[in-house]
Amino acid sequence: KEDTRTESLDDYNLRNLLRKYSEFVNFPIELFTKTTTYNKEGNETKPIEKMEYQVVNSQEPLWLRSPKDVNQSEYAGFYKTAFRQFDEPLRSSHFALEGQVQFRALLFLPSVLPFELSRNMFDENLRNMKLYVKRVFINDQFGEDLLPRWLTFMKGLVDSEDLPLNVGREILQKSKVLTIIKKRLVRKSLDMFNDVARNGTDYETFWKNYGRYLKIGTVEEQGQIQKDIAKLCRFSSTKSDFTSFDELVARQKESHPEDTESTKRILFVSGEGKKAAESSPALERLKKENYEVLLLTEPLDELVMQAVGNFEGFTLVDAAKGDIFSSDAAAKGQDPFGGGPSDDDDPAWDPVKKVFSDALGKKIQKVSMSKRLTDSPAALVQGAYGMSPMMQRYMNANAAALGGGDPVYGVSAPTMELNPDHPVVKDLQTTKDPDTALLIYDLAALTSGYDVDDTAAFSKRVNELLVKQAASPEEKTQDDDDDEPAIEPEVIVD
């Protein structure tokens, strides 16, 4: 105990404690400490030790000054010192709220992702927000009480005039003051992000560092905050590598001015990477009709689409699900693209549908003829409320990580859509070959983002197809003979 008391009274420890908790109080704190000076007597320098008072809180609180009187270099210096950072802040916000609730705050947007977050997206030990009450430091572990977790990368401090000095987490959770502070911090953060968004180059760097956090914010927030975050989200599309909902809607209004309230759609398709999404057979007709489609490359993107649902009157729809335009057109047997009657009700295709139904069984929900395809023979699509293959893999991976070995409940079998204009599908009207149907199904599964259940059987079918395509030696000889020019008979005239 004696050692502990001695250690607590140590000059170095006392100085650190005072600087940590009382560095910015508005009265001077002096520490009675030993100082050493040196006095030169002739050729010798002798140290002179004495005890005297030294002020340990000489730094002026930057947030108490008017923003007009603080320059960017001062903000950057404070950011580096207070949060032990080496980068320059990308943006800063210095503001105060006066009225029933009074507080001052400084917010900083780091220009690079903090190292701790590169290992753990939501590091609980990250001390990103400092809470002061009347310039007295209280704690730096109230992160989620001051900012939602999707803003965990932000750094800053809040100095409140209304909270008690003995504030604890329980008091904070019940405090209406904290609710007001939190809302204000979120709004100021969004203002900073919008300011960065006006600079395209800066925003691409910002999005690379913090895009996933904004997507999570879109999923977790509601109301106006969710709408404001959604406007900041960026995606790849079939016409752009970096686009927003606003930009896509503007282009769609220009390219399809005929769209009505019932056909206004923001279309998207998911895949394991941009190339996989872009090669989805569900896009073939859409590309020819000049529709721009968002390319989603991670499950979080799909969760964003589900959370937003509707943007500025445009419904967000998965292009690889069900009827993407008009259910009325489908009910009337019409092509939703306006190309005339659909082939799905034509009885001439019933034998082909039966071939697939018999060969595939429960692997598919049903077989239908579609005009969404132009080049591929077939595609697998989910119903309007189905789960995409990428989301299915994500959910199964999560279930496995939590110790569950069973597939995710509620996943329905896909619908097999056939291209009635494809020669291979047309040939099935005559051959009714189940092996060809199985091969078409496997190819549709691969191009639509699904996994092939039996890779060995798939390889065998591909091999058999190659063997059929290879001509026999007799056929080759006959083909070679057919290629030789015919010998005309000689005519002899007497």
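Only a predicted model underlies this, so the values are computations on that prediction, with no experimental measurement involved. (Residues numbered from 1 in each chain as written. Predicted model: local features only at pLDDT ≥ 70, side-chain atom pairs only at ≥ 80, totals over all residues. Heavy atoms only, no water.)

(A) Structural view of the confidence of the model for the protein. Mean pLDDT over the protein stands at 82; residues scoring 70 or higher make up 81%. Averaged pLDDT values for the elements of the protein fall to 48 in helix α14 (residues 327-331) and rise to 95 in helix α9 (residues 223-232). For the stretch residues 327-334, pLDDT sits under 50, and the model shows nine contacts to residues farther than four places along the chain or on other chains. (pLDDT = per-residue confidence, 0-100. Helix = DSSP H or I, 4+ residues; strand = E, 2+ residues; numbered from the N terminus. Contact = heavy atoms within 4.5 Å.)

(B) Spotlight on the nonpolar core. Judged by nonpolar contacts, the single largest core of 60 residues is most densely connected at Phe153, Leu185 and Phe193. With near-sequence residues (within four places) excluded, Phe153 lies in contact with Leu109, Pro110, Pro114, Leu117, Phe193, Tyr210, Tyr213 and Leu214. Val355, Ile364, Leu380 and Ala437 belong to the second largest nonpolar core, which has 21 residues in total. (Core = buried A, V, L, I, M, F, W, Y, C linked by side-chain atoms within 4.5 Å. Buried < 20%, exposed > 50% of the residue type's maximum accessible area, 1.4 Å probe, protein only.)

(C) Quick peek at the environment of Ile229. With respect to the element layout, Ile229 can be found in helix α9. A relative accessible area of 0% means that Ile229 is categorised as buried. Ile229 sits 36 residues away from Phe193 along the chain, and the two C-alpha atoms are 9.3 Å apart. If we ignore the near neighbours within four places in the chain, the residues touching Ile229 are Trp150, Leu190, Leu214, Gly217, Thr218 and Glu221.

(D) Expanded view of the pattern of salt bridges. One pass over the structure, following the stated rule, counts 20 salt bridges. The salt bridge partner of Arg251 is Glu292, with a shortest N-O separation of 2.7 Å. With Arg251 in helix α10 (residues 245-255) and Glu292 in the loop between α12 (284-288) and β10 (293-296), the pair connects residues that are 41 residues apart, well separated along the chain. You can call Arg251 partly exposed: its relative accessible area is 30%. A salt bridge links Glu272 to Arg393; its shortest N-O distance comes to 3.1 Å. On the criterion of sequence distance, the pair formed by Glu272 in the loop between β9 (265-270) and α11 (274-278) and Arg393 in helix α16 (residues 389-401) is long-range, its members being 121 residues apart. The network of salt bridges with common partners includes Arg91, Asp195, Arg198 and Asp202. (Salt bridge = Lys/Arg side-chain N within 4 Å of Asp/Glu carboxyl O.)

(E) Representation of the pairing of strand β7 (residues 155-160) within the structure. Along β7, six of the six residues are buried, which leaves the element largely enclosed by surrounding structure. Across the two faces of β7 the burial is the same, with Lys155, Leu157 and Asp159 and Gly156, Val158 and Ser160 all buried. Note that strand β4 (residues 103-110) and β7 share six bridges and pair antiparallel. Note on β7: the bridge partner recorded for Leu107 is Gly156. Here five bridges tie strand β5 (residues 129-133) to β7, and the two strands are oriented parallel to one another. Each bridged residue has a counterpart across the sheet, and for Leu131 the counterpart in β7 is Val158. (Pairing = 2+ DSSP bridges.)

(F) Looking closely at the environment of Pro420. Locating Pro420 in the fold gives a position in the loop between β15 (415-418) and α17 (423-431). Between the C-alpha atoms of Pro420 and Lys371, which are 49 residues apart in sequence, the distance is 7.9 Å.

(G) Fine view of the packing of helix α15 (residues 350-360) against helix α18 (residues 434-447). Running from amino to carboxyl end, α15 crosses α18 at an angle of 75°, the nearest separation of the two axes being 9 Å. Between α15 and α18, the interaxial angle falls into the category roughly perpendicular. In this structure, α15 uses Val355, Phe356, Ala359 and Leu360 to contact α18, whose residues at the interface are Pro434, Ala437, Leu438, Ile440 and Tyr441. Residues that form the contact of α15 with α18 fall into these classes: nine nonpolar, no polar and no charged. (Axes fitted to C-alpha atoms, helices over the stretch in contact; angles between N-to-C directions. Parallel < 35°, antiparallel > 145°, perpendicular 65-115°, else oblique. Nonpolar A, V, L, I, M, F, W, Y, C, P; charged D, E, K, R; others polar.)

(H) Summary view of unusual backbone geometry. A positive phi angle, close to 65°, is found at Asn290, a residue other than glycine. Tracing the backbone shows Asn290 in the loop between α12 and β10. Phi at Lys432 takes a positive value of approximately 50°, unusual for a residue other than glycine.

(I) Broad picture of the pairing of β4. The buried fraction of β4 is high, at seven of eight residues. Sheet topology note: the strand β3 (residues 89-97)/β4 ladder contains eight bridges and is antiparallel. Among the inter-strand pairings, Ser92 is bridged to a residue of β4, identified as Phe108. Counting the residues in the hairpin turn of β3 and β4 gives five residues, including Gly99, whose phi is positive at 145°.

(J) Just helix α3 (residues 72-83), in detail. Taking 1.5 Å of rise per residue, the twelve residues of α3 would be expected to cover 16 Å, and the 16 Å separating its terminal C-alpha atoms lies within 8% of that figure. Taken as a whole, α3 has its buried residues at Tyr75, Ala76, Phe78, Tyr79 and Phe83. The buried residues of α3 all sit within an arc of 165° when viewed along its axis, so they share a single face. Residues of α3 that are exposed and point more than 90 degrees away from the buried face comprise Ser73 and Thr81. Taken together, the buried residues of α3 touch β3, β4, β5 and β7. Count one or two residues on from α3 and you reach Arg84, which has phi positive near 55°. (Expected span 1.5 Å × (residues − 1). Arc of directions from axis to C-beta.)

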